[in-house]
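Here's the letter readout for the chains.
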Protein chains: 2
Amino acid sequence: MNDQHPSSARATTDLFEAVPAEVSIYEVGPRDGLQNEKAILPTDRKLELIEGVVDAGVRRIEITSFVDPKWIPALADHTEVARGVHRKADVAYSALVPNMRGLDGASRAGMQEVAVFMAASETHNRKNINRSTEEALSTYRVVVDEALARGMRVRGYVSCVYGCPYEGTVALDAVLRVAHGLLELGIYELSLGDTIGVGTPRQIEYVLRGLLRSGIALDRLAVHFHDTRGTALANITVALQLGIRTVDSAIGGLGGCPYAPGASGNVATEDVVYMLQGMGVRTGVDLDRLVAVSAKLSGYLGRELPSKYLKAHLGHCARIGRPV
Amino acid sequence: MNDQHPSSARATTDLFEAVPAEVSIYEVGPRDGLQNEKAILPTDRKLELIEGVVDAGVRRIEITSFVDPKWIPALADHTEVARGVHRKADVAYSALVPNMRGLDGASRAGMQEVAVFMAASETHNRKNINRSTEEALSTYRVVVDEALARGMRVRGYVSCVYGCPYEGTVALDAVLRVAHGLLELGIYELSLGDTIGVGTPRQIEYVLRGLLRSGIALDRLAVHFHDTRGTALANITVALQLGIRTVDSAIGGLGGCPYAPGASGNVATEDVVYMLQGMGVRTGVDLDRLVAVSAKLSGYLGRELPSKYLKAHLGHCARIGRPV
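Worth saying up front: this structure is predicted, and the values here are computed from it rather than measured.

Draft legend 1. Here's a closer look at the overall build of chain A. Scanning chain A from N- to C-terminus turns up 13 helices and eight strands. Its C-alpha radius of gyration of 19 Å places chain A within 12% of the 20 Å reference for a compact globule of 324 residues. Counting all 324 residues of chain A, 66% fall into the buried class. Counting 35 positive and 37 negative side-chain charges, chain A places the centres of these two groups 1 Å from one another.

Draft legend 2. Looking closely at the sheet that holds strand E2 (residues 60–65) of chain A. Residues and elements named next belong to chain A. Spatially, E1-E2-E3-E4-E5-E6-E7-E8 is the arrangement adopted by the eight strands of the closed barrel, whose pairing is parallel. With strand direction ignored, the average angle separating the axes of adjacent strands in the sheet is 25 degrees. Summarising the sheet, strand E1 (residues 24–27) and strand E8 (residues 246–249) pair through four bridges and their orientation is parallel. Of the residues in E8, the one forming a bridge with Tyr-26 is Asp-248. Sheet contacts for helix H6 (residues 122–129): strand E4 (113–119) and strand E5 (153–159); angle to E4, the most-contacted strand, approximately 120 degrees. Against the sheet, helix H11 (residues 269–278) contacts E1 and E8, and its axis sits at roughly 175 degrees relative to E1.

Draft legend 3. Molecular detail of the side chain of Ser-159 of chain A. Residues and elements named next belong to chain A. Here Ser-159 is to be found in strand E5. By relative accessible area, which is 17% here, Ser-159 ends up buried. Ser-159 has contacts with Met-118, Ala-119, Ala-120, His-124, Gly-193 and Thr-195, leaving out every residue within four places of it along the chain.

Draft legend 4. Focus on the packing of aromatic side chains. Applying the stated criterion to the full structure yields four aromatic pairs over all chains. Summarising the aromatic geometry, the rings of Tyr-162 of chain B and Phe-225 of chain B are spaced 5.8 Å apart at their centres and angled 25 degrees between planes, so their arrangement reads as stacked. Here Tyr-162 of chain B is found in the loop between strand E5 (153–159) and helix H8 (172–185), whereas its partner Phe-225 of chain B is found in strand E7 (residues 221–225), with 63 residues between them in sequence. When sorted by exposure, Tyr-162 of chain B lands in the same class as Phe-225 of chain B, which is buried. Geometry around Tyr-26 of chain A places Arg-155 of chain A over its ring, the cationic atom sitting 3.5 Å from the centre. Across the ring face of Tyr-166 of chain B, the terminal group of Lys-127 of chain B is positioned such that the distance to the ring centre comes to 5.1 Å.

Draft legend 5. View of the state of the cysteines. Residues and elements named next belong to chain A. Tallying each qualifying case throughout the model produces zero disulfides over all chains. The closest cysteine sulfur to the non-disulfide-bonded Cys-160 is located on Cys-164, 4.8 Å from its own sulfur. Since its relative accessible area comes to 0%, Cys-160 is described here as buried.

Draft legend 6. Fine view of the confidence of the model for chain A. All names here are of chain A. A residue-level look at chain A finds 91% of positions with pLDDT of 70 or above and a mean pLDDT of 91. A low-confidence stretch, residues 1–12 stays under pLDDT 50, and its non-local contacts, those more than four residues away or across chains, total 26 contacts. For this predicted complex, the interface confidence score (ipTM) comes to 0.93, while the overall pTM stands at 0.94.

Draft legend 7. The arrangement of the sheet that holds strand E3 (residues 92–96) of chain B in detail. All names here are of chain B. Strand order in this closed barrel of eight strands is E1-E2-E3-E4-E5-E6-E7-E8, and the pairing throughout is parallel. This sheet shows a mean twist of 25 degrees between the axes of neighbouring strands, independent of strand direction. Set on the sheet, helix H7 (residues 133–149) makes contact with strand E4 (113–119) and E5; between it and E4 the angle comes to about 175 degrees.

Draft legend 8. Focus on the environment of Gly-230 of chain A. The residue Gly-230 of chain A is located in the loop between strand E7 (221–225) and helix H10 (232–241) in this model. For Gly-230 of chain A, a relative accessible area of 13% puts it in the buried group. Counting along the chain gives 33 residues from Gly-230 of chain A to Gly-197 of chain A, while the straight-line C-alpha distance between them is 8.0 Å. Gly-230 of chain A has contacts with Leu-233 and Lys-308 of chain B, leaving out every residue within four places of it along the chain.

Draft legend 9. Inspection of the nonpolar core at higher detail. Within the largest apolar cluster, 226 residues are counted, with the highest numbers of intra-cluster contacts made by Leu-182, Leu-208 and Leu-211 of chain A together with Leu-182, Leu-208 and Leu-211 of chain B. Those residues in contact with Leu-182 of chain B, other than ones at most four positions away along the chain, are Val-116, Met-118, Leu-137, Tyr-140, Tyr-157, Val-158, Ile-187 and Leu-190 of chain B.

Draft legend 10. Expanded view of the pattern of salt bridges. As enumerated under the stated definition, the model contains 46 salt bridges over all chains in all. A salt bridge links Arg-155 of chain A to Glu-189 of chain A, with the shortest nitrogen-to-oxygen separation between them at 2.8 Å. Separated by 34 residues along the polypeptide, Arg-155 of chain A in strand E5 and Glu-189 of chain A in strand E6 (residues 189–194) bring together distant segments of the chain. Since its relative accessible area comes to 0%, Arg-155 of chain A is described here as buried. Overall, the relative accessible area of 4% leaves Glu-189 of chain A in the buried class. The partner of Asp-77 of chain B in a salt bridge is Lys-46 of chain B, and the shortest N-O contact between them spans 2.6 Å. Remark: Lys-46 of chain B occurs in helix H3 (residues 43–55) and Asp-77 of chain B occurs in the loop between strand E2 (60–65) and helix H4 (78–84); sequence separation between them is 31 residues. Here Asp-77 of chain B and Lys-46 of chain B have matching classes, each one buried.

Draft legend 11. Region of the structure containing the packing of H3 of chain B against helix H12 (residues 287–301) of chain B. All names here are of chain B. The N-to-C vectors of H3 and H12 enclose an angle of 165 degrees; their axes lie 8 Å apart at closest approach. The angle between H3 and H12 falls in the class roughly antiparallel. Relative to H12, the crossing made by H3 is left-handed. In this structure, H3 contributes Arg-45, Glu-48, Leu-49, Gly-52, Val-53 and Asp-55 to the contact, and H12 contributes Arg-289, Val-293, Lys-296, Leu-297 and Tyr-300.

Draft legend 12. Up close: the environment of Leu-240 of chain A. Residue and element names in this part refer to chain A. In this structure, Leu-240 sits in helix H10. Classification of Leu-240 by relative accessible area gives buried; the value is 0%. Considered as a pair, Leu-240 and Asp-32 are 208 residues apart in the sequence and their alpha carbons are 22 Å apart. Excluding residues that lie within four positions of it along the chain, Leu-240 makes contacts with Ala-18, Val-19, Pro-20, Val-23, Leu-276 and Met-279.

Draft legend 13. Quick peek at the environment of Asp-77 of chain B. Residues and elements named next belong to chain B. Note on Asp-77: relative accessible area 11%, which makes it buried. Between the C-alpha atoms of Asp-77 and Thr-64, which are 13 residues apart in sequence, the distance is 8.4 Å. Non-local contacts of Asp-77, meaning those with residues more than four positions away in its chain, are made with Leu-41, Pro-42, Thr-43 and Lys-46.

Draft legend 14. Structural view of unusual backbone geometry. Phi at Cys-160 of chain A is positive, roughly 55 degrees, even though this residue is not glycine. A positive phi is found at Asn-130 of chain B, a non-glycine position, where the angle reads about 55 degrees. Looking at where Asn-130 of chain B falls in the secondary structure, it is placed in the loop between helix H6 (122–128) and H7.

Calculation notes
- Residues numbered from 1 in each chain as written.
- Chains lettered and ligands numbered in written order.
- Predicted model: local features only at pLDDT ≥ 70, side-chain atom pairs only at ≥ 80, totals over all residues.
- Heavy atoms only, no water.
- Helix = DSSP H or I, 4+ residues; strand = E, 2+ residues; numbered from the N terminus.
- Rg over C-alpha atoms; globule rule 2.2 N^0.38 Å.
- Buried < 20%, exposed > 50% of the residue type's maximum accessible area, 1.4 Å probe, protein only.
- Lys, Arg positive; Asp, Glu negative; His and termini not counted.
- Charge placed at Lys NZ, Arg CZ, Asp CG, Glu CD.
- Pairing = 2+ DSSP bridges.
- Axes fitted to C-alpha atoms, helices over the stretch in contact; angles between N-to-C directions.
- Contact = heavy atoms within 4.5 Å.
- Phe/Tyr/Trp six-rings, centres within 6.5 Å; stacked < 30°, edge-to-face > 60°.
- Lys NZ or Arg CZ within 6 Å of the ring centre and 35° of its normal.
- Disulfide = S-S within 2.5 Å.
- pLDDT = per-residue confidence, 0-100.
- Core = buried A, V, L, I, M, F, W, Y, C linked by side-chain atoms within 4.5 Å.
- Salt bridge = Lys/Arg side-chain N within 4 Å of Asp/Glu carboxyl O.
- Parallel < 35°, antiparallel > 145°, perpendicular 65-115°, else oblique.
- Left-handed = near helix turned anticlockwise from the far one by under 90°.

Next comes the structure, spelled out in structure tokens:
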């Protein structure tokens, strides 16, 4: 193989052809991030975090989860957070709801968007939400119908898309079954989660291709990577090359792998925005303002956050421009 | 844009078409990594590290640097390391040499491969090696001629390819000038360094394309990324998509950004090997044996190393298989 290699030559025009001009950052730090942090952030700090991220330019954010506090004590103040946040008209605030009681709580707290979640893996559904995949889908049918009837928007999460801690590799068919099952309920977007952070670039292409070939439109899909093994930005790059336009991330790289103490959590919003800026993709996020928020958050949580952009920023690494 | 998007459809066949079946890992931890660590590793630990990495399957490794100890005290034992390492016949051991004195030292210590280095940026050359780009090239002409005359193989590094801490963005012309200048000296391979870790995927494609278009063969190029802002694996993915077959990395993600205390160093060999395995690319490296070496090294250095795969491993994160 040399520089005359025909495929390399073809790649010149094709590699980034489908990369969107603009990407929608869906911030999950206050929910997916904080629910996996050891330290519990006081409500006022959570509100400061949410408003800080929004002030930095993020337009979609999941602020809490209306789950039973006995399952997720860190988010026991979901109602106070939902009621306390100063909402901006052009920002979509969402909250996770596991069932009808959660939907009622979210609804009473003034949420206009909620998210439902389940795994692509049968075992993970049984262990994590105590329901089979089919039971979860029928439970959510009632929840989503009711949410839509109340004029709310509903987002859906599929977790363990690229691997399950109980089953190992997850078959594409299982992912397709859950993806179509949730989309048929009326969710507006499906977020594909690499819950334990095992996915690698070719696998991302394989799964996304499978979903697209099955008839799901590109703009119904979002990618949600955990950076447990450092592959999140590489996986996001491939998703962008396929035309994906919504990326989930958590400020500072908050959270962790629930199955691996000390491991990295969600891919960091700063790292995603830095890479997108370098690629000339618009996000509407001001990186300096965003990293100021995560630097403060790091102090509140009393730990160094995983975001590498944040570490470089705190280390006063040379700031320089980028071509193209 | 939807799943019928023509470019997405085309991408099906093209995105990974040029990815090689096998990648050569060039380990730089003992040199580029250790020279940027605060703690100085005793010679016997260095030998244990080098032999451990080789036993894990790495076939090319830079073991030290024959520079004046007053510049890099951490590698003051270069001669002892070069003489002490138990060499395997099928492994290429290399050492950095800044000048003729370095070459003599390496030669006397039994090295059969050496590496020369300079920056793509004029200012960085003046500040880092006290020579202009042209002066550096003419100095190295004498060094490389002599090394080749002694039957040694010579590798070349261009640093600051994607950005310079003094000049900011580096023009492609400057990269081309140094790249061709070094290749004309007779080096067998050119390693393109993102010294301060600012590169992003489209920029990597832009620069690599420029080098290939200028007539440099794909198999003369290696990529060398620092993960300062977390983009290293994404950048490596793009390099692989362009057909690059040699990747520099440092076990554990050793080292750091000399301009940013606390920032990440070289991309971690474990993380690269994990991603490549997931992509079905052969490296010949046994990930379990490799991570056992970095876990030990972390203890020797008395600090948590940046490798995310290592953190997940130490955190006992679920080990699972990956499809395709």
